[in-house]
Amino acid sequence: MATESSNIPTGQSHLSALRQRLPLVGLTGGIGSGKTAVSDLLTQLGAGVIDTDLIAHQITAPGGSAIPLIQARFGSEFIEPSGALDRAKMRTLVFSTLDARKSLEEITHPLIRQETLRQALLLADAAVPYLVFVVPLLVESGNWTDQIDYLVVVDCPEETQIQRVMQRSNLSRLEVEAILEAQASRQTRLALANTVVENQGSLSELKSAVEQLHQKILGIKKAKLSSS
Ligand code: ATP
C-alpha cells in the first residue's frame with residue numbers, strides 16, 4: 001500500500017550528514033513501472049538500496065512494530081489471524097476516509113523514517129558507493145526532493161503498468177486505474193527527474209539501462225568528492 005510511505009519526513013539533519021559522505025539518490029515511478037526491478041539490479045551492482053515500501057510492509061507484517069498501534073487505533077478487525085495488517089480492508093478505509101489515512105500515517109511514518117535512517121547509516125558504514133532511497137510517492141510527498149542529490153524516475157506507458165500490475169496481483173483493471181489516478185501524473189514525475197530509466201522493453205534492455213545509470217551515479221560521486 002504505497003499510501004503508507006507517501007509523506008515521510010526524511011529526518012533531515014541525519015540525511016544531510018550522510019550527504020557529505022556519499023551521493024543520495026531517490027528512485028521513484030508509478031505503480032508497476034519497475035522500481036523493484038531497477039533497485040534489485042542496482043543492489044547487484046553494489047549500490048546501497050533502502051526500499052521504503054518494503055519497510056512499510058515489514059512493519060505491518062506479523063510481529064511488525066506498527067501492528068499493536070494499528071490494533072489499538074483501528075480495532076482487531078484490521079488485523080488478520082496471522083497477525084498481519086489486513087491490507088485490503090485498510091486500503092478501502094484510507095481511500096474513503098481522510099482522517100483514517102492521517103491516523104495510519106501518524107503511526108507508520110515515524111516507524112518507517114526510523115528504519116530508513118537505520119538502514120542508511122548501516123549501508124554508509126559498509127562503504128557502499130551511493131545510497132538509493134526507493135520511495136513510490138516521492139514526487140507526491142515533496143519532502144524528499146531537497147534531501148537528495150539525484151532523482152531517478154522509472155517510466156513506461158500506463159498501459160504497460162496496468163498489464164504488469166494485473167498480471168502480478170489480483171487487482172482488476174479498474175482498481176489499477178484508480179491507483180494510477182491517485183498518483184502524480186507521468187508528466188509531473190518526468191518533469192522533476194534528473195534521469196529517466198525507460199522500462200517498456202525487455203528485462204535485458206532494462207539491465208543495460210541500469211548499468212549505464214550506475215556508471216552515471218558513480219560519475220556524480222567522483223565529481224562530488226573532487227569538489228569537496
Ligand atoms: P509497485 O509500484 O507496485 O511496487 P514496481 O514499480 O516496484 O511496482 P516491479 O515490481 O519492479 O514494479 O514490476 C512490476 C511487475 O512487472 C513485476 O512483476 C516485474 O517482474 C514486471 N516487470 C518489470 N519490468 C519488466 C520488464 N522490463 N519486462 C517484463 N516484466 C517486467
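In short, a report on the structure.

Rules of the game
- Residues numbered from 1 in each chain as written.
- Predicted model: local features only at pLDDT ≥ 70, side-chain atom pairs only at ≥ 80, totals over all residues.
- Heavy atoms only, no water.
- Helix = DSSP H or I, 4+ residues; strand = E, 2+ residues; numbered from the N terminus.
- Rg over C-alpha atoms; globule rule 2.2 N^0.38 Å.
- Buried < 20%, exposed > 50% of the residue type's maximum accessible area, 1.4 Å probe, protein only.
- Contact = heavy atoms within 4.5 Å.
- Areas by Shrake-Rupley, 256 points an atom, 1.4 Å probe, with all protein chains shown as cover.
- Lys, Arg positive; Asp, Glu negative; His and termini not counted.
- Charge placed at Lys NZ, Arg CZ, Asp CG, Glu CD.
- Axes fitted to C-alpha atoms, helices over the stretch in contact; angles between N-to-C directions.
- Parallel < 35°, antiparallel > 145°, perpendicular 65-115°, else oblique.
- Left-handed = near helix turned anticlockwise from the far one by under 90°.
- Near = heavy atom within 4 Å.
- Polar contact = N/O pair within 3.5 Å; in protein donor to acceptor, adjacent residues only side chain to side chain.
- Nonpolar A, V, L, I, M, F, W, Y, C, P; charged D, E, K, R; others polar.

Attention shifts here to the overall build of the chain. Helix and strand counts for the chain come out as 11 helices and five strands. Taken against the 2.2 N^0.38 rule, which gives 17 Å for 228 residues, the C-alpha radius of gyration of the chain at 18 Å falls within 12% of a compact globule. Taking all 228 residues of the chain together, the buried fraction comes to 48%. In the chain, once contacts between residues fewer than 6 apart in sequence are set aside, the share between residues at least 24 apart is 76%. When the accessible surface of the chain is totalled, it reaches about 11000 Å², and 53% of it is carbon and sulfur. Across the chain, the mean location of the 21 positive side-chain charges is 5 Å away from that of the 24 negative side-chain charges.

What follows concerns the side chain of Gln183. Its place among the elements puts Gln183 in the loop between α9 (173-182) and α10 (186-192). With a relative accessible area of 12%, Gln183 lands in the buried category. If we ignore the near neighbours within four places in the chain, the residues touching Gln183 are Gly30, Ile31, Leu137, Glu140 and Arg189.

Look at Ala127: it is not a glycine, yet its phi comes out positive at around 65°. Relative to the helices and strands, Ala127 resides in the loop between α6 (98-125) and β3 (131-134).

Between helix α8 (residues 158-168) and α9, the least distance of the axes is 10 Å, while the angle of their chain directions is 125°. Here α9 runs oblique to α8, going by the angle between their axes. Our pair here, α8 against α9, has a crossing hand that is right-handed. Counted together, Glu158, Glu159, Gln161, Ile162, Gln163, Val165 and Met166 of α8 and Arg173, Val176, Glu177 and Leu180 of α9 form the full contact between these two elements.

Contacts to the ligand come from 14 residues, most closely from Lys35, Thr36, Ala37, Arg168 and Asn199. At 3.2 Å from an oxygen atom of the ligand is found a main-chain nitrogen or oxygen belonging to Gly32. For the ligand, whose accessible area on its own is 630 Å², the fraction buried by protein is 74%. Residue assignment for the shell around the ligand shows that the elements contributing at least two residues are α2 (35-44) and α8. Per element, the largest residue contribution to the shell around the ligand is three residues, and it comes from α2. Taken together, the residues of the shell around the ligand sort by class into three nonpolar, eight polar and three charged.

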